[in-house]
Amino acid sequence: MEAFDAGAIRAAMPTPAISGGTAADRIADALGTPNPIVYGERANVTTFVVRRFVDRGLLVDLSTNPDGTLHHPDQVAEVGHQEDLADLVAADTPLAPEQAAARLRVRRADFDHMVRLGWVRSPQSIEVRFGISRAGAIDVALYTTASVDAVVPTHPKVDWEQLRFRTRARGRPRTKGAVRVVGGTNRGTRRRTPRGM
């Protein structure tokens, strides 16, 4: 797509711009999977996807606010008619680090190492709050599904099966009835006695 002048578009608009959240709702409706209207339920299309559409050049952000986006409603409707819209939304769906590691079937520590190596990059992070105070807020990096899916094919020299085997081996639960030895003794555990003794 060609470059857009946001000010010229805003001045020529007969209707007001819509927010990124409303754009996400309209894209979800176009897919036939409307976003839930009940607060707290998982949305099918999020503002993260809308921002990735801006990055792709499919939508123009008419806002100067870094915390939110505004879009021309006709342009959003045009995007809703794309034949490959479902594939685009699926590729741009956000994954938190734990979800990305699970999708790759690796440990979270291994995924964090891939991030440090630059194999996958986060285009956006969100602030997650615990309770009502901002004191417990943390930033969580989000990754696109497409960027996570591209890690394996772009790094064919990595022995992915061995890495995934390590993940399964370390995540294996302890055998039932096993005795855990702490500091050379079995303090804090039950001792198993063979039958008949």
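Above this text sits the structure in question.
The model shown is predicted, which means the values in this text are computed figures rather than measured ones.

So, about the packing of helix H6 (residues 97-104) against helix H7 (residues 108-117). Where H6 contacts H7, the two axes come as close as 9 Å, and the packing angle between them is 100°. Between H6 and H7, the interaxial angle falls into the category roughly perpendicular. Together, Pro 97, Glu 98, Ala 100, Ala 101 and Leu 104 of H6 and Arg 108, Phe 111 and Met 114 of H7 make up the contact between the two elements.

Okay, the sheet that holds strand E5 (residues 138-144) next. In a beta sheet, neighbouring strands are held together by backbone hydrogen bonds and run either parallel or antiparallel to one another. Ordered in space as E3-E5-E4, the three strands form an open sheet in which the pairing is antiparallel. Here the strands that pair on one side only, and so sit at the sheet edges, are strand E3 (94-95) and strand E4 (124-128). Of the strand pairs in this sheet, E4 and E5 are connected by five bridges, and their pairing is antiparallel. For Ser 125, the partnering residue across the bridge sits in E5 and is Ala 141. Running over the sheet, helix H3 (residues 47-56) touches E3, E4 and E5 and is turned about 55° from E5.

In this section: H6. Looking at H6, one finds that the buried residues are Pro 97, Ala 100, Ala 101 and Leu 104. For H6, the angular spread of buried residues about the axis comes to 100°, placing them on one side. Those residues of H6 that are exposed and aimed more than 90 degrees away from the buried face are Glu 98 and Ala 102. Positive backbone phi, approximately 60°, marks Arg 105, located one or two places after H6.

Within the structure shown, the criterion is met by seven salt bridges. Across the pair Arg 107 and Asp 110 runs a salt bridge whose closest N-O atoms are separated by 2.9 Å. By relative accessible area, which is 12% here, Asp 110 ends up buried. Of the charged contacts, one joins Asp 112 and Arg 108 as a salt bridge, the two residues approaching to 2.9 Å between their closest N and O atoms. Highlighted residues: Asp 112 and Arg 108, both in helix H7, separated by four residues, approximately one helical turn. Through salt bridges with shared partners, one network takes in Glu 98, Arg 108 and Asp 112.

Glancing now at the pairing of E5. Sheet topology places E3 next to E5; two bridges connect them, and they run antiparallel. For Leu 95, the partnering residue across the bridge sits in E5 and is Tyr 143.

A separate point is the nonpolar core. Ranked by internal contacts, the top residues of the largest apolar core, which has 16 residues, are Ile 27, Val 45, Phe 53, Val 79 and Val 89. Among the elements of the structure, helix H2 (20-31), H3, helix H4 (73-80) and helix H5 (85-91) are those that each provide at least two residues to this core. Top element by residues in this core is H2. It accounts for four residues. When sequence neighbours within four positions are dropped, the list of residues in contact with Val 89 reads Ile 27, Leu 31, Asn 44, Val 45, Val 49 and Phe 53. Within the second largest apolar cluster, 13 residues are counted, among which are Met 114, Tyr 143, Val 148 and Trp 160.

Reading the values: the criteria
Residues numbered from 1 in each chain as written. Predicted model: local features only at pLDDT ≥ 70, side-chain atom pairs only at ≥ 80, totals over all residues. Heavy atoms only, no water. Axes fitted to C-alpha atoms, helices over the stretch in contact; angles between N-to-C directions. Helix = DSSP H or I, 4+ residues; strand = E, 2+ residues; numbered from the N terminus. Parallel < 35°, antiparallel > 145°, perpendicular 65-115°, else oblique. Contact = heavy atoms within 4.5 Å. Pairing = 2+ DSSP bridges. Buried < 20%, exposed > 50% of the residue type's maximum accessible area, 1.4 Å probe, protein only. Arc of directions from axis to C-beta. Salt bridge = Lys/Arg side-chain N within 4 Å of Asp/Glu carboxyl O. Core = buried A, V, L, I, M, F, W, Y, C linked by side-chain atoms within 4.5 Å.

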